[in-house]
Amino acid sequence: MRRTFLIATNTLKEASRQKLMLLLALIALVLVASSNYFLKLDIGHERLKFVFDFTSGALGFFGSIIAIIATCQIVHSELENRTATTLLSKPVGRLGFVCGKAFGVFAALAIFTAVVAVAGTSMLAYTYISFGESAQKLSQGLTINYFGVSVFCFVQWLRLCTIASITTLVCTLSSSLLFSAVISFAIMAIGMIGSAIEFFGAKENFASQLAGIVFPNLQIFSVAETFAFEEVSLKIFAMCSAYAVIYIAVCLCLSAFAFSKREF
Amino acid sequence: MDFFKEKISPYLTIVIVLLFTGISIQPIKNKLINYNTSTISVESLKAAIGAGVVFETLGGYKSLASDFAWIKSYVDWTRKDAPACLSAMELAISLDPQSVMFWKDAAAITAFDFPHWSYIAISPNARNNKIFARIKARYGREAIRLLDRGLLLHPQNFDLLTQKANIAMSNLNDFKTAEECYEPLAKKANAPIYVLRRYFSLLLKNGKFAQAIKVGERILTEAEADSPLRPIISNQILSAKKLLEKVEIKK
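Everything numeric in this text was worked out from a predicted model, so none of it was measured.

Cut-offs applied
Residues numbered from 1 in each chain as written. Chains lettered and ligands numbered in written order. Predicted model: local features only at pLDDT ≥ 70, side-chain atom pairs only at ≥ 80, totals over all residues. Heavy atoms only, no water. Helix = DSSP H or I, 4+ residues; strand = E, 2+ residues; numbered from the N terminus. Buried < 20%, exposed > 50% of the residue type's maximum accessible area, 1.4 Å probe, protein only. Contact = heavy atoms within 4.5 Å. Areas by Shrake-Rupley, 256 points an atom, 1.4 Å probe, with all protein chains shown as cover. Salt bridge = Lys/Arg side-chain N within 4 Å of Asp/Glu carboxyl O. Patch = residues over 30% accessible without salt bridge, like charges linked within 9 Å, V, L, I, M, F, W, Y side chains within 5 Å. Core = buried A, V, L, I, M, F, W, Y, C linked by side-chain atoms within 4.5 Å. Phe/Tyr/Trp six-rings, centres within 6.5 Å; stacked < 30°, edge-to-face > 60°. Buried area = accessible area lost by both parts, 1.4 Å probe. Nonpolar A, V, L, I, M, F, W, Y, C, P; charged D, E, K, R; others polar. pLDDT = per-residue confidence, 0-100.

### What about the overall build of chain B?
At step 1: When you go through chain B residue by residue, the secondary structure sums to 13 helices and zero strands.
At step 2: Element order for chain B, N to C, with α for helix and β for strand: α-α-α-α-α-α-α-α-α-α-α-α-α.
At step 3: Residues counted as buried form 43% of the 251 residues belonging to chain B.
At step 4: The long-range fraction of contacts in chain B, counting pairs at least 24 apart against all pairs at least 6 apart in sequence, stands at 59%.
At step 5: Split by element, the accessible area of chain B, about 13600 Å² in all, is 60% carbon and sulfur.

Right, dumping it as structure tokens:
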């Protein structure tokens, strides 16, 4: 357990040194911080919802990219630099190694989510204060639920952790960083828009049904968006958490299994 | 055999475990999907062309992207380019079908602006009122189809229903549809006086005098004491009562 913790700590340090991840996080943060400015461009949306959408977008769009790229870079750098071989020659189990790496990425994602959540909540509060009572009128009676916003951010973090776990599994199976990234993005796309395909007239077949069962449905996490302006449903929150935790646990166990079959 | 054991079996094991996991947590997934779409029927989602769902990868940036699409439609509007304007408006709607303004304004542009652009485009010798009425009706029907899609996502929405009624009346002379649009709005306890007034006029126009009298009496109880509307409504109620008597005698 201690060794896993040490690997996770080092992975977090490694992740914080990744320039691409820092750049993406910075862009996301700047966009969230400037959401109030972008209100000038808005046509017809509820004001508070528009500002909140920037937080949701930063976590959904940039968060997903960070989760995939960071995981791919961290796992493949270990394999390419042969540091994984050195680590595994010590009394560190495959599961401990995989979990350590994944937990490090989860911690980095938690920091990203927390920073975006604080910036987003501040912008919501600022918009509400700067527009006074009219903010609510311009938002068609929407009221901010700050606790709901934090629950939403937590659910989005779970979603990012699920993406990172799947990416870890893909990385342990492949030997190329580019291949891992492409496949991970493809799986993410299936998880995001897979259920929408039938709306375009595509007939459901065995392959689509199989994909729907094998890959997690990442769209279900967007259900938490309602928490920002409505009451938090603990039942829904618990179900989202359970769904993510089960997938994360299974993916990490399978990653350890795939890692054990890998030749160095 | 060794090849299968070394190369194929790990992948097969992973797929089987993921499949088993997927099947085991299917009930949780279904409950969450049902919760997500509990307020929106499958038909409504189809109506919005599965819209927001497709752009799910954009996350919350959908609203910003839809704004840019709408601005593009304004540029096409200034150029009086109907097909480009319509496709830009459709894109804005697809990106953010939750925005009522997009549905409402897209329908208004389709019903009230496009007919004029089409009419001007035809040869001056061929222009006449009949042709203009036909063009107006065609775009009116198109706008109503668009609003019906919006109403599936935003049922009973005040702005969309009043817009539909306006288009039905001005483009299609369809007072029955207009009455149907105002009916749910007028039935609300806090319905504004002007909505009741319009519903009252539509009922009179469609020959539903008994119903119109009831609505007229409601206007008299809800209108302010010094409202200039009172004598007009009172006179119209009297006329409606006379017409109702005539109809009953004929029967």
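Don't stop here, the text continues.
### Describing the pattern of salt bridges
At step 1: Counted under the stated rule, the structure contains nine salt bridges over all chains.
At step 2: The partner of K101 of chain A in a salt bridge is E14 of chain A, with the nearest N and O atoms 3.6 Å apart. Taken together, the residues K101 of chain A in helix α6 (residues 94-131) and E14 of chain A in helix α1 (residues 2-16) connect sequence positions 87 residues apart.
At step 3: Assessed through its relative accessible area of 4%, K101 of chain A is described here as buried.
At step 4: The class for E14 of chain A is partly exposed, based on a relative accessible area of 24%.
At step 5: Among the ionic pairs, E179 of chain B bridges to K208 of chain B, the shortest N-O distance being 2.8 Å. Residue E179 of chain B is found in helix α10 (residues 175-187), and its partner K208 of chain B is found in the loop between α11 (193-205) and α12 (209-222); the two are separated by 29 residues along the sequence.
At step 6: By sharing partners, the salt bridges in this structure join E14, E78 and K101 of chain A into a single network.

### Let's talk about a nonpolar patch on the surface
At step 1: Residues L41 of chain A together with F68, I71 and V75 of chain B make up a contiguous nonpolar surface patch of about 290 Å² in total accessible area.
At step 2: Looking at the element boundaries, L41 of chain A is found in the loop between α3 (35-38) and α4 (47-80).

### So, the nonpolar core
At step 1: Judged by nonpolar contacts, the single largest core of 92 residues is most densely connected at F97, F106, L109 and F221 of chain A together with L18 and L32 of chain B.
At step 2: If you tally residues by element for this core, the top one is α4 of chain A, at 17 residues.
At step 3: If we skip the residues at most four places from it in the chain, L18 of chain B touches L169, I213, V214, Y247, V250 and L254 of chain A.
At step 4: Membership of the second largest hydrophobic core comes to 57 residues, among which are W70, A111, Y139 and L151 of chain B.

### Regarding the packing of aromatic side chains
Residues and elements named next belong to chain B.
At step 1: Scanning all chains against the criterion turns up 16 aromatic pairs over all chains.
At step 2: With a centroid separation of 5.7 Å and 75 degrees between ring planes, the pair formed by F114 and Y139 is classed as edge-to-face. Of the two residues, F114 is situated in helix α7 (residues 100-121) and Y139 in helix α8 (residues 129-153); the sequence distance between them amounts to 25 residues.
At step 3: You can call Y139 buried: its relative accessible area is 9%.

### Quick notes on the interface of chain B and chain A
How big an interface is tends to be stated in terms of accessible area lost as the parts join.
At step 1: At the junction of the two partners, chain B supplies 44 residues and chain A supplies 45 residues.
At step 2: When chain B packs against chain A, the two sides together hide about 4200 Å² of surface, and 78% of this comes from carbon and sulfur.
At step 3: Among the residues chain B hides against chain A, the three largest losses belong to L18, L32 and Y61 of chain B. Together they make up 16% of the total.
At step 4: There are zero salt bridges connecting chain B and chain A.
At step 5: Broken down by secondary-structure element, the contributors of at least two residues to the side of chain B that touches chain A are α1 (2-24), α2 (26-36), α3 (42-47), α4 (51-54), α5 (62-78) and α7 of chain B.
At step 6: At ten residues, the largest contribution of residues to the side of chain B that touches chain A is made by α1 of chain B.
At step 7: Here the side of chain B that touches chain A is composed, by residue class, of 26 nonpolar, twelve polar and six charged.

### Quick notes on the confidence of the model for chain B
All names here are of chain B.
At step 1: For chain B, per-residue confidence averages 84 on the pLDDT scale, and 87% of positions sit at 70 or higher.
At step 2: With pLDDT under 50 throughout, residues 38-54 is counted as low confidence; its partners more than four residues away or in other chains account for 37 contacts.
At step 3: The ipTM, which scores confidence in the relative placement of chains, is 0.81 for this predicted complex, and the corresponding pTM is 0.76.

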